[in-house]
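# Fold and geometry: a report
If you want the building blocks of each chain, they are given just below.
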Amino acid sequence: SWTIVPDFTHHAHSASLSAVAVNNRFVVTGSRDETIQIYDMKKKIEHGALLQHNGTITCLEFYGTAHLLSGAEDGLICIWNTKRWECLKSIKAHKGHVTSLSIHPSGKLALSVGTDKTLRTWNLVEGRSAFIKNLKQNAHIIKWSPDGEKYVTVIANKVDIYRLDTASITGTITTEKRISSLRFITVSTKTRGVGKLTGLKHMKLITLAFLFSRSKDSILAIAGDDEMIRFYSYDSQKCLCEFKAHENRIKDIYSFEREGQHVIVTASSDGYIKMWNLDLDKIKDGPSLLCEVNTKARLTCLAVWLDQASETKENSDKTATSSQETEDEKSSIARIDEDFWTTKRVKIAKRKRKIIPEKQKLEAPQKTAFSGVRACNLEVLEILYVFHKRAILKLPIKARSSL
């Protein structure tokens, strides 16, 4: 069984909270008081505040450990360095409010939508606008697909799916109620490659290159102004499953993967936070409830912070075993090569090749440690949620038994 136990609360803002984002160390919250508060989750302290915006903070998103993007009702998108927490660039992104933004998996592009009925593509390398697409209505959600080849916009109760290379709609999902939150659940990764985005700006042909990782299939988890959560196939736009998750409208969804198993976290206006186990092989049966907690508050947004310290410790043995197997394999290859190559020229080349495994040996633990971030340890997992009582609460979750 799983349990959720309150850990601490903090009076974060002077008005209700509107956005929250996390990376491997920090949690940032945005509010109607026009400030962004920073929390250091390693030290469990308040780290400071960012005061660049003049308006309600509407969206926050980290890219890796070095950068944060923020959007607000003042129409600005700010790019922050998370080392010194300085504003690297402030962009007048929209004539109206910035309602949502999303960073491409490569980190080179970003999309934003606003109340000026435009969808804008941003070149983050140069910090400037790349393309502008006019929309018929104001979109309030924009999100990249995990492979970076497509993106979705949400307008009221409709999800439009776009291809990146053509900027054309390839599919549409329509629900009965207004959509408040959307998440991608990736089934499996298939290939990686390089893509290009081409378009016109000021009558000039512009091409942006980016990396992508193509997924075999993805599932869209959609929640809105009702009690239902629906899962749709990203490719066919067919509803795979729907179930009643709460007694009131659902405000936010978050998802993460643990050892190949998918966990969905939901927050609702009824004050409940619930965790669900989603078996992708039996998705038609719907997810099963793992645990729930009544916060007795009106929730507005939610995020899950995963501590990678314990994960690194857990993966250290796997890293050592993998490195040893790699070295044994390289030694066998070296012995085979010695039987075939005898000339002085080839011996020099072989000595150069011996240097390569040493470099790989040094790089392997770093790569494994980075991958370990994705496999969370639920004994150090904490849910952060914010609500109209202007506080932030962290809940550690204990997994008493395996899924």
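Residues numbered from 1 in each chain as written. Predicted model: local features only at pLDDT ≥ 70, side-chain atom pairs only at ≥ 80, totals over all residues. Heavy atoms only, no water.

An unreviewed UniProt entry annotates the protein as p21-activated protein kinase-interacting protein 1-like originating from Lamprotornis superbus. The annotation that UniProt attaches to the protein under Subcellular location (unreviewed entry) is "Nucleus, Nucleolus". (UniProt positions renumbered as here; feature names shortened; annotations may be inferred.)

## What about the sheet that holds strand E6 (residues 45–50)?
With antiparallel pairing, the four strands of this open sheet are ordered in space as E3-E4-E5-E6. Only two strands of the sheet have a single neighbouring strand rather than two, namely strand E3 (17–22) and E6. On average, each strand axis in the sheet is inclined to that of its neighbour by 20 degrees, with strand direction left out of account. Of the strand pairs in this sheet, strand E4 (residues 26–31) and strand E5 (residues 36–40) are connected by five bridges, and their pairing is antiparallel. From the neighbouring strand, Gly30 faces E5, where its bridge partner is Ile36. (Pairing = 2+ DSSP bridges. Helix = DSSP H or I, 4+ residues; strand = E, 2+ residues; numbered from the N terminus. Axes fitted to C-alpha atoms, helices over the stretch in contact; angles between N-to-C directions.)

## Regarding the environment of Ser233
Turning to its location among the elements, Ser233 is positioned in strand E21 (residues 228–233). A relative accessible area of 8% places Ser233 in the buried class. A sequence separation of 13 residues divides Ser233 from Leu220, and the C-alpha atoms of the two residues are 6.4 Å apart. (Buried < 20%, exposed > 50% of the residue type's maximum accessible area, 1.4 Å probe, protein only.)

## Digging into the nonpolar core
One broad rule of soluble globular proteins: the nonpolar side chains tend to lie buried together. Counting 25 residues, the largest nonpolar core has Tyr254, Val265, Ile273 and Met275 as its most contacted members. Among the elements that make up this core, the one with the highest residue count is strand E27 (residues 299–306) (seven residues). When residues no more than four places from it in sequence are discounted, the contact partners of Tyr254 are Val22, Arg183, Val263, Ile264, Val265, Leu302, Ala303 and Val304. (Core = buried A, V, L, I, M, F, W, Y, C linked by side-chain atoms within 4.5 Å. Contact = heavy atoms within 4.5 Å.)

## Quick notes on the sheet that holds strand E12 (residues 109–114)
Hydrogen bonds between backbone groups are what pair the strands of a sheet, and the pairing can be parallel or antiparallel. The four strands lie next to each other as E11-E12-E13-E14, forming an open sheet whose pairing is antiparallel. The open sheet terminates on both sides in strands that have one partner only, identified here as strand E11 (98–103) and strand E14 (128–134). Sheet twist, expressed as the average angle between the axes of neighbouring strands with direction ignored, equals 20 degrees. Taken together, the five bridges between E11 and E12 define a ladder with antiparallel strand orientation. The residue of E12 that forms the bridge with Leu101 is Ser112.

## Things to note about the pairing of strand E18 (residues 169–174)
Bridge analysis of strand E17 (residues 158–163) against E18 gives five bridges, and the strand direction is antiparallel. In the strand pairing of E18, Asp160 is matched with Thr172. Connecting E17 to the antiparallel partner E18 that follows it, the hairpin turn spans five residues, and Ala167 within it adopts a positive phi of roughly 55 degrees.

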